[in-house]
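Okay, here's what each chain looks like letter by letter:
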Amino acid sequence: MTQEKMNFIDRELQELKDEGLYKDIKTLEGAQGAWVQIKGEKVLNFCSNNYLGFAADSRIKEATKKAIDKYGVGPGAVRTIAGTMTIHKELEEELARFKGVEATLVLQSGFMANLAAIPALADKGDTIISDELNHASIIDGSRLSRANKKVYPHNDMEGLEKVLKETPEGKKLIITDGVFSMDGDIAPLPGIVELAEKYGAMTFVDDAHGEGVVGRDGRGIVDHFNLHGRVDVEVGTFSKALGVMGGVIAGSKKLVEYLVQKARPFTFSSALTVPDTAATLEAVRILSESGELVEKLWDNARYFQEGIKEIGLDTGVTETPITPVMIGEAHQAAEFSKKLLEEKIFAQSIGFPLVPRGKARIRVMISATHSKSDLDFALDKFRKIGKELKLV
Ligand SMILES: *Cc1c(COP(=O)(O)O)cnc(C)c1O
């Protein structure tokens, strides 16, 4: 008998395929790195957020194995019931030192950190004021909060002020990504902080793509703009430059004390696992000691972006190692990506609805693990395919 009640799934999946939005996920036969193996072939990896190579760093693997020997793997339960492990405390203290804040709270992912922090800070009758390009986890966290939502045009301070003026009584929470993941541009945080101070709004920045990348030795966007003490809430992830998995909320001691009591993903979902915690702790320690890998990342990014421009292709408005190579129409970007893979380069095409129509691109994620010869190899192929597709 057919399960008619489930037929909507076939319809919806077919719709995604018809629109070219169906996601086909590649299987990687090994660790993350400059090169990865797909279907037995080594391909140059431009698809990961493993900015500094920490996802398979030998020092981090060693530290993690030691921690497993001492603490096991699982946290037992939520921390409010099973207790906090010493290693969670160590990570929270190390992150607070690194970011220059009073306190931090570690969550299971960056996505979860937003679901934890936003509903705890804004409720019915309050207003969340959000950049139009903010990450999905900010949008979902805002929905969970039941607060009013207002969106301002991307990075537009006049637009933000207009919204602030129109916002009624109640708490106001301005939320922005620190670095925007599709274009690589940086939020104008000094302007946001000034407006927030003028209108009595709280400030909240999600620094997922900024940690380990911008600021002194990768200390993040607040450090980049020297705004220590003037941003109320910082959210971060361990899954990008730190190479692992997990999330963090950073701010004042009072903020963290409050979130421990109130944030539902903290009180109703178990703590970060021991391996994730230990690996992240070692990653932060390495970064605290040396900015060498961060420098290498930026060197690589500058080198590749210059090379792409010399070919005659455009890298959009990026200010970071996120490198969009602008193509135009979605089908052409998809064709470009397919040809790149034939040439042993793994780089995703990104089209509508992730970016506006006509602004499809190849999104190249540069890493400190790439060598100059890797980048030269890639530039050569970008030139070749650009010519084939008559883009240059
Ligand atoms: C990647 C990302 C997240 C999600 O982080 P995870 O730790 O992978 O869940 C959240 N916010 C922003 C802005 C991101 O770029």
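1. What to know about the overall build of the protein chain
- The secondary structure content of the protein chain amounts to 15 helices and 13 strands.
- For 392 residues, the compact-globule estimate of 2.2 N^0.38 gives 21 Å, and the protein chain sits close to it at 22 Å.
- When burial is assessed residue by residue, the protein chain has 52% of its 392 residues classed as buried.
- Partitioning the intrachain contacts of the protein chain with sequence separation of at least 6 by distance along the chain shows that 70% fall at a separation of at least 24.
- About 18800 Å² of surface is accessible on the protein chain, with carbon and sulfur atoms providing 50% of the total.
- When the 51 positive and 58 negative side-chain charges of the protein chain are each reduced to one mean point, those points stand 2 Å apart.

2. Side note on the pairing of strand S2 (residues 41-45)
- Across four bridges, the pairing between strand S1 (residues 35-38) and S2 is antiparallel. Looking at S2, one finds that Ile38 is bridged to Glu41.
- The turn linking S1 back onto S2 is made up of two residues, and Lys39 within it adopts a positive phi angle of 50 degrees.
- Across two bridges, the pairing between S2 and strand S11 (residues 345-346) is parallel. By the bridge assignment, Leu44 is partnered in S11 with Ile345.

3. What about the nonpolar core?
- With 77 residues, the main nonpolar core has Phe46, Ile174, Leu189, Phe304, Ile362 and Phe382 as its most contacted residues.
- For this core, the element with the highest residue contribution is helix H12 (residues 274-289), accounting for eight residues.
- Taken domain by domain, this core gets at least three of its residues from each of domain 1 (22-51 + 291-388) and domain 2 (58-289).
- The next biggest cluster of nonpolar side chains, apart from the first, holds 24 residues, and it includes Ala113, Ile118, Val256 and Leu259.

4. Let's talk about the pattern of salt bridges
- For the structure shown, the criterion picks out 20 salt bridges.
- In this structure, Asp126 engages Lys171 in a salt bridge whose closest nitrogen and oxygen atoms are separated by 3.0 Å. Within this pair, whereas Asp126 is found in the loop between helix H5 (110-121) and strand S4 (127-131), its partner Lys171 is found in the loop between helix H7 (157-166) and strand S6 (172-177), the two being separated by 45 residues in sequence.
- On the accessibility criterion, Asp126 (7% relative accessible area) is buried.

5. Things to note about the environment of Lys344
- For Lys344, the position within the fold is in the loop between helix H14 (330-342) and S11.
- Exposure remark for Lys344: the relative accessible area of 31% places this residue in the partly exposed category.
- Note: C-alpha distance between Lys344 and Leu242 (102 residues apart in sequence) is 26 Å.
- Ignoring any residue separated from it by four or fewer positions in sequence, one finds Lys344 in contact with Trp35, Glu41, Lys42, Val43, Leu44 and Phe377.

6. Some points on the site of the ligand
- Close contacts around the ligand come from 13 residues, with Gly110, Phe111, Asp206, Thr237 and Lys240 the closest.
- Between the ligand and Lys240 there is a distance of 2.6 Å, counted from an oxygen atom to a side-chain nitrogen or oxygen.
- Summarising the interface, the protein chains cover 87% of the accessible area of the ligand, which totals 380 Å² for the free molecule.
- Classifying every residue of the shell around the ligand gives two nonpolar, eight polar and three charged.

7. Some points on the side chain of Asp126
- In terms of polar contacts, Asp126 uses its side chain to reach the side chain of Lys171, at 3.0 Å.
- Filtering out sequence-adjacent residues up to four positions away, Asp126 remains in contact with Leu121, Ala147, Asn148, Gly170 and Lys171.

8. A short note on a negative patch on the surface
- A cluster of acidic side chains, namely Glu12, Glu15, Asp18 and Glu19, defines a negative patch on the protein surface.
- For Asp18, the position within the fold is in helix H1 (residues 7-18).

9. Concerning the sheet that holds strand S5 (residues 148-152)
- The mixed open sheet is built from seven strands, whose spatial order is S3-S9-S8-S7-S6-S4-S5. Each edge of the sheet is formed by a strand with only one pairing partner; in this case those strands are strand S3 (103-107) and S5. Taken over all neighbouring pairs, the strand axes of this sheet differ in orientation by 20 degrees on average, direction set aside.
- Strand direction decides the pairing type here: strand S7 (residues 202-206) and strand S8 (residues 233-237), joined by three bridges, are parallel. Bridge pairing in S8 places Phe204 opposite Val233.

10. What about a nonpolar patch on the surface?
- Taken together, the side chains of Met6, Phe8, Ile9, Leu13, Leu16 and Tyr22 present a nonpolar region at the surface, about 500 Å² in accessible area.
- Along the chain, the position of Ile9 falls in helix H1.

11. Re unusual backbone geometry
- Following Phe352, the chain continues into Pro353 via a peptide bond in cis, with omega recorded as 5 degrees.
- Inspection of the secondary structure puts Pro353 in the loop between strand S12 (348-350) and strand S13 (360-365).
- Even without a glycine there, the phi angle at Arg146 is positive, about 70 degrees.
- For Arg146, the position within the fold is in the loop between helix H6 (136-145) and S5.
- With a relative accessible area of 54%, Arg146 lands in the exposed category.
- One non-glycine residue, Lys344, lies in positive phi territory at about 70 degrees.

12. Brief notes about the packing of H5 against H6
- Two elements in contact, H5 and H6, have axes whose closest approach is 8 Å; the angle formed by their N-to-C orientations is 35 degrees. Viewed along their axes, H5 and H6 form a crossing whose handedness is right-handed. In this structure, H5 contributes Phe111, Asn114, Leu115, Ile118 and Pro119 to the contact, and H6 contributes Ser137, Ile138, Asp140, Gly141, Ser142, Leu144 and Ser145.
- Among the residues making up the contact of H5 with H6, the classes are represented as six nonpolar, five polar and one charged.

Criteria and thresholds
- Each chain carries its own residue numbering, running from 1 in the written order of its sequence.
- At least 70 in pLDDT is required for a residue's local features to be given in this predicted model, at least 80 for side-chain atom pairs to be given and counted, and no such filter applies to totals for whole chains, interfaces and linings, which use all residues.
- With hydrogens and water stripped out, all remaining heavy atoms of the structure feed into the side-chain values.
- What counts as a helix is a DSSP run of H or I of at least four residues, what counts as a strand is a run of E of at least two, and both are numbered from the N terminus.
- A radius of gyration in this sense is built from C-alpha atoms; the matching globule rule multiplies 2.2 Å by the number of residues raised to 0.38.
- Under the scheme applied here, a residue whose accessible area is under 20% of the maximum for its type counts as buried, over 50% as exposed, and between as partly exposed, the area being computed with a 1.4 Å probe on protein chains only.
- Residues count as neighbours in contact if any of their non-hydrogen atoms are within 4.5 Å of one another.
- Areas reported here follow the Shrake-Rupley algorithm with a probe of radius 1.4 Å; residue values treat only the protein chains shown as occluding.
- In this tally, Lys and Arg are treated as positive and Asp and Glu as negative; His is ignored, and so are the chain termini.
- All charge positions are set by atom: Lys at NZ, Arg at CZ, Asp at CG, Glu at CD.
- At least two DSSP bridges between two strands are required for those strands to pair.
- Throughout this description, the term nonpolar core refers to a set of buried Ala, Val, Leu, Ile, Met, Phe, Trp, Tyr and Cys residues connected via side-chain atoms within 4.5 Å.
- Boundaries of every domain are those given by an automatic assignment or by a domain database.
- Salt bridges, as used here, are contacts in which a Lys or Arg side-chain nitrogen is within 4 Å of a carboxyl oxygen on Asp or Glu.
- Consider each residue's heavy atoms; a residue with any of them within 4 Å of a molecule or strand counts as near.
- Distance and chemistry together define a polar contact, namely a pair of N or O atoms within 3.5 Å, with one atom able to donate a hydrogen and the other to accept it when in protein, and with adjacent residues in sequence counting only for side-chain atoms on both sides.
- Note on residue classes: Ala, Val, Leu, Ile, Met, Phe, Trp, Tyr, Cys and Pro are nonpolar, Asp, Glu, Lys and Arg are charged, and everything else, Gly too, is polar.
- Put simply, a patch holds well-exposed residues, over 30% relative accessible area, that have no salt bridge, with like charges counted together within 9 Å and Val, Leu, Ile, Met, Phe, Trp or Tyr side chains within 5 Å.
- Helix axes are fitted to C-alpha atoms over the stretch in contact, other axes to C-alpha atoms as well, and angles between N-to-C directions run from 0 to 180 degrees.
- Helix crossings fall into two classes, left-handed where the near helix is turned counterclockwise from the far one by less than a right angle and right-handed where it is turned clockwise.

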